[in-house]
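So the chains spell out like this:
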Amino acid sequence: MPGLVLPTLTKAEVESHNTKKSCYVTIGTNVYDVTDFVDSHPGGPELVLEYGGKDVTEILKDGDSHNHSESAYEILEESHVAFLVTEKLKPNGKVQKSIADSQINEEVTPYVHPRTGMSCEEDLSKDTDPNADFKQHKFLDLNRPLLMQVWNGGFSKKFYLDQVHRPRHYKGGASAPLFGNFLEPLSLTPWWVVPMIWLPAISYGTYLASEGFEDKAQLAIYWLFGLFLWSLVEYILHRFLFHLDDYLPDNRVGITLHFLLHGVHHYLPMDRYRLVMPPTLFLALATPFWKLAHTLFYWNWHMATAIYCGGIFGYVCYDLTHYFLHHQNLPLWYKGLKKYHLAHHFLDYELGFGVTSRFWDQVFGTELVTPIKKA
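Here goes a summary of the coordinates provided. (Residues numbered from 1 in each chain as written. Predicted model: local features only at pLDDT ≥ 70, side-chain atom pairs only at ≥ 80, totals over all residues. Heavy atoms only, no water.)

Thoughts on empty space enclosed by the protein
Overall, the coordinates contain two cavities of 30 Å³ or more when judged by the stated rule. Of the volumes computed, that of the largest cavity is approximately 60 Å³. Looking at the largest cavity, the residues that line it are Pro-7, Leu-9, His-17, Tyr-24, Val-81, Ala-82, Gln-136, His-137, Phe-159, Asp-162 and Gln-163. Going through the elements one at a time, β4 (80-85), α7 (130-137) and α9 (157-164) are the ones with two or more residues in the lining of the largest cavity. Per-element tally for the lining of the largest cavity: the top contributor is α9, with three residues. (1 Å grid on protein atoms, 1.4 Å probe; cavity = no way out; pocket = protein on both sides within 12 Å on 5 of 7 lines; lining within 4 Å. Points joined across faces, edges and corners; volume = space filled by probe spheres on them. Helix = DSSP H or I, 4+ residues; strand = E, 2+ residues; numbered from the N terminus.)

Some thoughts on the pattern of salt bridges
Per the counting criterion, the structure on display carries eight salt bridges. Among the salt bridges present, the one from Asp-162 reaches Arg-166, with a minimum N-O distance of 3.4 Å. Grouping residues by exposure puts Asp-162 and Arg-166 together as buried. Residues Arg-274 and Asp-271 are paired through a salt bridge, measuring 3.2 Å at the closest nitrogen-oxygen approach. Here the two residues Arg-274 and Asp-271 agree in accessibility, since each one is buried. Beyond isolated ion pairs, a larger network of salt bridges with shared partners links Glu-184, Asp-271 and Arg-274. (Salt bridge = Lys/Arg side-chain N within 4 Å of Asp/Glu carboxyl O. Buried < 20%, exposed > 50% of the residue type's maximum accessible area, 1.4 Å probe, protein only.)

Topic: the side chain of Gln-149
Relative to the elements of secondary structure, Gln-149 occurs in helix α8 (residues 146-152). The exposure class of Gln-149 is buried, given its relative accessible area of 9%. A distance of 2.7 Å separates the side chain of Gln-149 from the backbone nitrogen of Asp-141, its partner in a polar contact. Excluding anything up to four places from it in sequence, Gln-149 contacts Phe-139, Leu-140, Asp-141, Arg-144 and Phe-155. (Polar contact = N/O pair within 3.5 Å; in protein donor to acceptor, adjacent residues only side chain to side chain. Contact = heavy atoms within 4.5 Å.)

Brief notes about the layout of surface pockets
Space inside the second largest pocket adds up to approximately 550 Å³. Taken together, 24 residues make up the lining of the second largest pocket; nearest its centre are Leu-260, Leu-261, Met-277, Pro-278 and Leu-281. Only α12 (252-267), α13 (279-296) and α14 (301-327) provide two or more residues apiece to the lining of the second largest pocket. No other element matches α12, which puts six residues into the lining of the second largest pocket. A class-by-class count of the residues in the lining of the second largest pocket yields 16 nonpolar, six polar and two charged. (Nonpolar A, V, L, I, M, F, W, Y, C, P; charged D, E, K, R; others polar.)

Re the sheet that holds strand β3 (residues 30-33)
Reading across the sheet, the four strands line up as β1-β4-β3-β2 and stay open at both edges, with mixed pairing between neighbours. In this open sheet, the two edge strands, each paired with only one partner strand, are β1 (8-10) and β2 (24-27). Each neighbouring strand pair of the sheet contributes to a mean axis angle of 40 degrees, computed without reference to strand direction. Across three bridges, β1 lies against β4 in parallel orientation. Along β4, the bridge assignment pairs Thr-10 with Val-85. (Pairing = 2+ DSSP bridges. Axes fitted to C-alpha atoms, helices over the stretch in contact; angles between N-to-C directions.)

Keep in mind these numbers describe shape, not what the thing actually does.
Shown next, in the form of structure tokens:
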């Protein structure tokens, strides 16, 4: 399936590759990476860069400008890296509906999303060739520590966001090196660490909260209210913090922080040990929420603590659900949720922010219509 080997790029994306560091040209709908050929071009690098990001069909035929041998076309074929699409699809319900409809008939060629280069959830688990991927995209070498490559890469925000949302799969789901030093273990968290650390803390917090309630039904109501609040917090964090793409500073500090916080998950979505949140990171995020809960409900410490504990339990459910959606065969109801979340990765990362539920996506108009196939 060509679309899975070579990604699709929009015209604007091709036009952005017009420098000596990254130079693309097109012939019709074929996109070629001629970066390595710029300096060795017989007509000089300036001639190649003049057509960087543009179609070269006519100039190749123009004998008055420069004669091109058959070997020139052979070099181009070796540099074929993508296909050109005429229009970047906008994330909205009608577009997603048309995508789903086009896949009901299995005889139709599977739709390849122009921003992810993928057509179905199975593509997320197809191994990436690190050397070929690095040569093709000029982004990150999966065999070397990723973090310093992001820091030193000099990537523009536009290029970074395009690449980090094109999922890769490293060695059957193994963890690609992130730090490459003694910090590496801190970035790897097995799923069972989450309940092991936080469930005892939640139980103790709930016990402390219960001392302020004679009626335990009230305790349960506040605790469940905290659980409900978490579902909204989950949506807000995922949409406005993890995906603050439009507001991301166009500098290496902002890009590197984004990569650490959530970008690495979209880049390597099937990495088993970077799916749940490391305890140190969650503690950093949870501390402000402790203070917020006791500020909003200042008149009753026990009530605030009950709400907070319910919310932290919601987080545990979220992290475990997130892991199982990626890596477990689930009951029927969860299969729909699994398809929904994985579509956020392979189909459209600007929709489908709910992980434990699509409820808030429906409320705020960001629901992602997933592809449907007839049995």
